[in-house]
Amino acid sequence: MIGDKAGAALESFAAEVGSDDAVAVVGGRTHWEVGGSCPEETRLVRAPTGVRGFDPADMTIRVGAATPVTELDAALAEVGQRVNLPVLPGATVGGVLAVGRDDVHALGRGRLRDALLEAVYVADDGGLVTAGGPTVKNVSGFDLCRLLVGSLGTLGLLGEVILRTWPRPATQQWLAGSCDPAELRRRLFWPSSILWNGQSVWVHLEGHESDVEAEAELAQSLGCEPTDGPPPLPDYRVPTGVLEADESSGSYVIQIGTGLAYAAAPCPIPDPDPTVVALHRRLKAEFDPRGRLNPGRDPLAAS
């Protein structure tokens, strides 16, 4: 249940959004240009911030969408928990959900969208809408929360969210070497990340100390050695399928098992399927028929 103070903050946020002119919600601006830029005349608003409810036994946490991800991570670390959001300096919870980009640990930790259980957002008419539910095992109705993740705020402006939490691993370890990434994925039980640049592979293990030690021994038997962390990621995030087979080593880093890669230079991206384009247009017409929410942004153009 939303407390009086949190409810008042949401009502104030909805009133600020209003129901008339073009409006965009601004967070930490760490990915402000993803999917296009808002026109200069677009009015900017900020969502509520702060932790609004947390019971570690429930493994869920309620936060304002403008809460910095680093602040959320620090609060959860105090009780040995974490949430599956990229911990990016300056980024906000609502911002990383709206952009919807998984980090390098998606292989083992799952997709970012799986962390969102409930969202309270402001619709195009300025009204507050609650989507999803506060429990992990929620199977009632259409999962609207997942639709909001990666929508760049074009369907609704996030005000408050309930996120699923997980236990923080007791230990973790990066290893690297020239072994076969497919063999690593086949032999290891549950690596959180496997990265490959065509020559070298990096693997991240996490969990109970004894389990990580056993998995690290197996990885070392396949040609990996302990290392300080992952490689620097190239600038351009692309689907793995657009990489050319003859690209030189080091010009890309592939996230094994996720369909994602990072390239050193822009890659031609195929046009989206017309059916997908039509579906996006229908959704936009239903949720924001006047096009006033985060104008200029297009989830299909996000890379």
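Just so it is clear, the structure is predicted and the values come from calculations on it, not from any experiment.

(A) Region of interest: the overall build of the protein. Each helix and strand counted, the protein has eight helices and 15 strands in total. Relative to its 303 residues, the protein shows a buried fraction of 45%. Summarising the internal contacts of the protein: among those between residues at least 6 apart in sequence, 69% fall at separations of at least 24. With the model as given, the accessible surface of the protein reaches about 15100 Å², and the carbon-plus-sulfur share is 52%. In the protein, which carries 25 positive and 40 negative side-chain charges, the distance between the mean positions of the two groups comes to 4 Å.

(B) Representation of the environment of Leu 88. With respect to the secondary-structure elements, Leu 88 resides in the loop between strand S5 (81-83) and helix H3 (93-99). It is 25 Å that separates the C-alpha atoms of Leu 88 and Pro 134, two residues lying 46 residues apart in sequence. Once residues within four sequence positions are removed from consideration, Leu 88 is found in contact with His 31, Thr 70 and Val 96.

(C) Representation of the domain arrangement of the protein within the structure. Taken as a whole, the protein is organised into domain 1 (8-168) and domain 2 (171-263). For domain 1 versus domain 2, the distance between C-alpha centres works out to 29 Å. Across the contact, eleven residues belong to domain 1 and 19 residues belong to domain 2. For the pair domain 1 and domain 2, the two sides together bury roughly 1100 Å², of which 50% comes from carbon and sulfur. For the interface between domain 1 and domain 2, the tally reads two salt bridges. Measuring nitrogen to oxygen at the nearest pair gives 2.8 Å for the salt bridge that ties Glu 206 to Arg 109. For the interface between domain 1 and domain 2, the tally reads eight residue pairs in polar contact (both at pLDDT 80 or more). Looking at the side of domain 1 that touches domain 2, the element that brings in the most residues is helix H4 (residues 106-109), giving four residues. Of the residues assigned to the side of domain 1 that touches domain 2, the class counts are three nonpolar, two polar and six charged.

(D) The pattern of salt bridges, seen in detail. Taken as a whole and assessed by the stated rule, the structure comprises 14 salt bridges. The closest approach of N and O atoms between Arg 62 and Glu 160, which form a salt bridge, is 2.9 Å. Taken together, the residues span a long stretch of sequence, with Arg 62 in strand S4 (residues 60-64) and Glu 160 in strand S8 (residues 157-167) at a distance of 98 residues. In this structure, Arg 62 and Glu 160 share a single accessibility class: buried. Between Asp 73 and Arg 168 there is a salt bridge, with the nearest N and O atoms lying 3.0 Å from each other.

(E) Fine view of helix H8 (residues 274-287). Taking 1.5 Å of rise per residue, the 14 residues of H8 would be expected to cover 20 Å, and the 20 Å separating its terminal C-alpha atoms lies within 8% of that figure. With a side-chain oxygen lying 2.7 Å from the backbone nitrogen of Thr 275, the N-terminal cap of H8 falls on Asp 273.

(F) Structural view of unusual backbone geometry. A positive phi angle is found at Met 59, which is not glycine, with a value near 60 degrees. Residue position: Met 59 is located in the loop between strand S3 (51-55) and S4. Owing to a relative accessible area of 23%, Met 59 belongs among the partly exposed residues under this scheme. For Leu 152, which is not a glycine, the phi torsion comes out positive at approximately 60 degrees. As for its placement among the helices and strands, Leu 152 is situated in the loop between helix H5 (144-148) and S8. By relative accessible area, which is 2% here, Leu 152 ends up buried.

(G) The arrangement of the sheet that holds strand S14 (residues 252-255) in detail. What the seven strands build is an open sheet, ordered S12-S9-S11-S10-S14-S15-S13; its pairing is antiparallel. Both edges of this open sheet fall to strand S12 (224-227) and strand S13 (236-239), since each of them pairs with a single strand only. Recorded for the sheet is a direction-independent mean angle of 25 degrees between the axes of neighbouring strands. Of the pairings in the sheet, the one linking S13 to strand S15 (residues 260-263) comprises four bridges and is antiparallel in character. Within S15, the position partnered with Tyr 236 by the bridge is Ala 263.

(H) How the structure looks around the packing of aromatic side chains. Scanning all chains against the criterion turns up one aromatic pair. Judged by centre distance (6.0 Å) and plane angle (70 degrees), the rings of Phe 189 and Trp 190 are edge-to-face. Each member of the pair, Phe 189 as well as Trp 190, is classed as exposed. In this structure, Arg 29 is placed above the aromatic ring of Trp 32, and the distance from its NZ or CZ to the ring centre is 4.8 Å. Directly above the aromatic system of Trp 32 lies the positively charged group of Arg 297, at a separation of 5.6 Å from the ring centroid.

Rules and cut-offs
- Residues numbered from 1 in each chain as written.
- Predicted model: local features only at pLDDT ≥ 70, side-chain atom pairs only at ≥ 80, totals over all residues.
- Heavy atoms only, no water.
- Helix = DSSP H or I, 4+ residues; strand = E, 2+ residues; numbered from the N terminus.
- Buried < 20%, exposed > 50% of the residue type's maximum accessible area, 1.4 Å probe, protein only.
- Contact = heavy atoms within 4.5 Å.
- Areas by Shrake-Rupley, 256 points an atom, 1.4 Å probe, with all protein chains shown as cover.
- Lys, Arg positive; Asp, Glu negative; His and termini not counted.
- Charge placed at Lys NZ, Arg CZ, Asp CG, Glu CD.
- Domains from an automatic or database assignment.
- Buried area = accessible area lost by both parts, 1.4 Å probe.
- Salt bridge = Lys/Arg side-chain N within 4 Å of Asp/Glu carboxyl O.
- Polar contact = N/O pair within 3.5 Å; in protein donor to acceptor, adjacent residues only side chain to side chain.
- Nonpolar A, V, L, I, M, F, W, Y, C, P; charged D, E, K, R; others polar.
- Expected span 1.5 Å × (residues − 1).
- Pairing = 2+ DSSP bridges.
- Axes fitted to C-alpha atoms, helices over the stretch in contact; angles between N-to-C directions.
- Phe/Tyr/Trp six-rings, centres within 6.5 Å; stacked < 30°, edge-to-face > 60°.
- Lys NZ or Arg CZ within 6 Å of the ring centre and 35° of its normal.

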